[in-house]
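In case you want the letters, here they are:
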Amino acid sequence: MSQKLNVRNITENEYFYGHKACGGCGESLALRLALKVLGDEAYLSLPAGCMAAVSFIYPNMAFKNNAIITPFASTAAVTTGVEAGLRALGKKKPLAVGFAGDGGTADIGIQALSGAIDRGEKFIYICTDNEAYMNTGIQKSGLTPFGAATTTTPAGREIRGNINFKKNMFEIVAAHGITYAATASIGYLDDMINKIQKAKDADGPSYIHIYAPCPTGWGCGSEISVDLGKQVVDNGLWYLAEYENGEFKVNRNPDTFEPVAPYLKRQGRFKHLEESDITMIESIRDQKWEYIRNNWV
Ligand SMILES: Cc1ncc(C[n+]2csc(CCOP(=O)(O)OP(=O)(O)O)c2C)c(N)n1
Ligand code: SF4
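Residues numbered from 1 in each chain as written. Chains lettered and ligands numbered in written order. Predicted model: local features only at pLDDT ≥ 70, side-chain atom pairs only at ≥ 80, totals over all residues. Heavy atoms only, no water.

Student: In this structure, what is going on with the site of ligand 2? I would like to understand it.
Tutor: Looking at ligand 2, the residues that line it are A21, C22, C25, E27, C50, N130, C214, P215 and T216. Counted by class, the shell around ligand 2 contains six nonpolar, two polar and one charged residues. (Near = heavy atom within 4 Å. Nonpolar A, V, L, I, M, F, W, Y, C, P; charged D, E, K, R; others polar.)

Student: Hey, could you run me through the site of ligand 1 in this one?
Tutor: With respect to spatial proximity, 15 residues lie near ligand 1, and among them E27, C50, G103, G104 and N135 are the closest. If ligand 1 stood free it would expose 590 Å²; the protein chains cover 71% of that surface. A total of three residues in the shell around ligand 1 trace back to one element, the largest contributor, which is helix α4 (residues 102–107). Among the residues forming the shell around ligand 1, the class breakdown is six nonpolar, seven polar and two charged. (Areas by Shrake-Rupley, 256 points an atom, 1.4 Å probe, with all protein chains shown as cover. Helix = DSSP H or I, 4+ residues; strand = E, 2+ residues; numbered from the N terminus.)

Student: Would you take a moment to explain helix α9 (residues 225–234) for this structure?
Tutor: Residues spaced three or four apart along an α-helix face the same direction, because each turn holds 3.6 residues. What α9 keeps buried is the set S225, L228, G229, V232, V233 and D234. Residues of α9 that are buried make contact with β7 (180–185), β8 (206–211), α8 (215–218) and α10 (261–265). Downstream of α9 by a residue or two, G236 has a phi angle that is positive, lying close to 85°. (Buried < 20%, exposed > 50% of the residue type's maximum accessible area, 1.4 Å probe, protein only. Contact = heavy atoms within 4.5 Å.)

Student: What should I look at first to understand the environment of K167 in this one?
Tutor: Structurally, the position occupied by K167 is in the loop between β6 (124–129) and α6 (169–174). The spacing of K167 and P145 is 22 residues in sequence and 8.8 Å in space, taken between C-alpha atoms. A distance of 2.4 Å separates a polar side-chain atom of K167 from the backbone oxygen of A106. (Polar contact = N/O pair within 3.5 Å; in protein donor to acceptor, adjacent residues only side chain to side chain.)

Student: I'm lost on the sheet that holds β7 in this one. Help?
Tutor: Remark on secondary structure: sheet strands pair via backbone hydrogen bonds, oriented parallel or antiparallel. Taking strand neighbours across the sheet as the criterion, the eight strands line up as β4-β1-β5-β6-β8-β7-β9-β10 in an open arrangement whose pairing is mixed. Two strands lie at the open edges of the sheet, namely β4 (67–69) and β10 (247–250), each paired on one side alone. In this sheet, neighbouring strand axes are inclined to one another by 15° on average, regardless of whether the strands run parallel or antiparallel. Here strand β9 (residues 241–244) runs beside β10; their pairing, made up of four bridges, is antiparallel. (Pairing = 2+ DSSP bridges. Axes fitted to C-alpha atoms, helices over the stretch in contact; angles between N-to-C directions.)

Student: Quick question: what am I supposed to make of the pattern of salt bridges here?
Tutor: Working definition: two side chains of opposite charge can pair if their charged atoms are close together. If you walk through the whole model with that rule in mind, you get 21 salt bridges. Between E131 and R269 there is a salt bridge, with the nearest N and O atoms lying 2.8 Å from each other. Residue E131 is found in the loop between β6 and α6, and its partner R269 is found in the loop between α10 and α11 (275–295); the two are separated by 138 residues along the sequence. Assigned by exposure class, E131 and R269 land together as buried. Where salt bridges share partners, they join D129, E131, K166 and R269 into one cluster. (Salt bridge = Lys/Arg side-chain N within 4 Å of Asp/Glu carboxyl O.)

Geometry only, nothing functional implied.
Here's what the structure looks like:
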C-alpha cells in the first residue's frame, strides 16, 4: 500500500502543463492533480472533449505522459486495449487510464465503459463532470442537473432549464460489481487525491467521478471553481462516496446541509430559477440523502 498522499506531500512534478483550458477550469485541475498521483508511467486515453481539445495542439502537446485521442464512444475500450498492449510488451504493472467528460462517459461512452468493467481487467477510468457537453458549446448531457440552462435546454417562461435529473452514474458503475469506484470533487482535493491513489492500487477496474466546475459553461467567475466544488458537497447536491468490496460508504455525512440557493445564485446557468424550483431542488436532494443514509451508512 502506498503512502497516503495529500496536497502538501504530493509531487511538485508537472505532467500536464501549457494547455489552453480557460482560467479556473475544474477539469484541467482534476487532470493535473490526478497525473501527479498516477505519475508518468500512466498511459492516457481521452475522447473528444475539452481536455483533448486544449492539450493536443501540435507542437504544444500538454501531456508529459503517453496520451492518445480515442473515438468518442470508445474511451474505455481503447484504455483496456492499451493495457493489453502494455502487458504484451512485458510491462509488469501496466497503468492505463481513461479520462472523459460527462457526455463522453454517461452518454456516448457508457457502453464501452460497461463492457470494459465487465471484462474485469485492471484499468482506471476518470470522469470529469462539468455537467454538460462543454467543448461543443454547452449542450445538455445525462449529467446536467435539474434546472440548469444549456444551449439545448434554454430557460424560457414555461420551461426553466433542464427538466431531467442527473443520472446516477456512480451507482450505475457500482452495479457492475467493479473493484473500486468513488465520487470526488475539486473542492475536496485531499479526498480526491486519496481516491485516485486507491484506484491506482486497486487490483481490477476502477472508476472515479470528479465534480469539476466549468466557469465558461456555468456563467461564473474563474476564481470560484474550487469554492463551488466545496459548496456543492456542503449543501448536499453532490456527495463524496466509495464503493469497495461490494459495499457503499459515504465519506461525508453532515448533520445539516448548507442552503442550496447561495450556490445556485453564483452561477448564470441557474439565474432564471424561481423559489419553487429551488424548493424542488432541495426536495430532490433530501430524497437522495434519505436513500443514501438508509442504504450506505
Ligand atoms: C461521435 C462524436 N460525436 C460528437 C462529437 C462532437 N463532440 C466533440 S467534443 C464534444 C463534447 C464533449 O463533452 P463532454 O464529454 O461532456 O466533455 P467536455 O467537453 O465537457 O469536457 C462533442 C459532442 C464527436 N467528436 N464525435
Ligand atoms: S469550457 Fe469549461 S471545461 Fe472547457 S476548458 Fe473552458 S472551463 Fe474547462
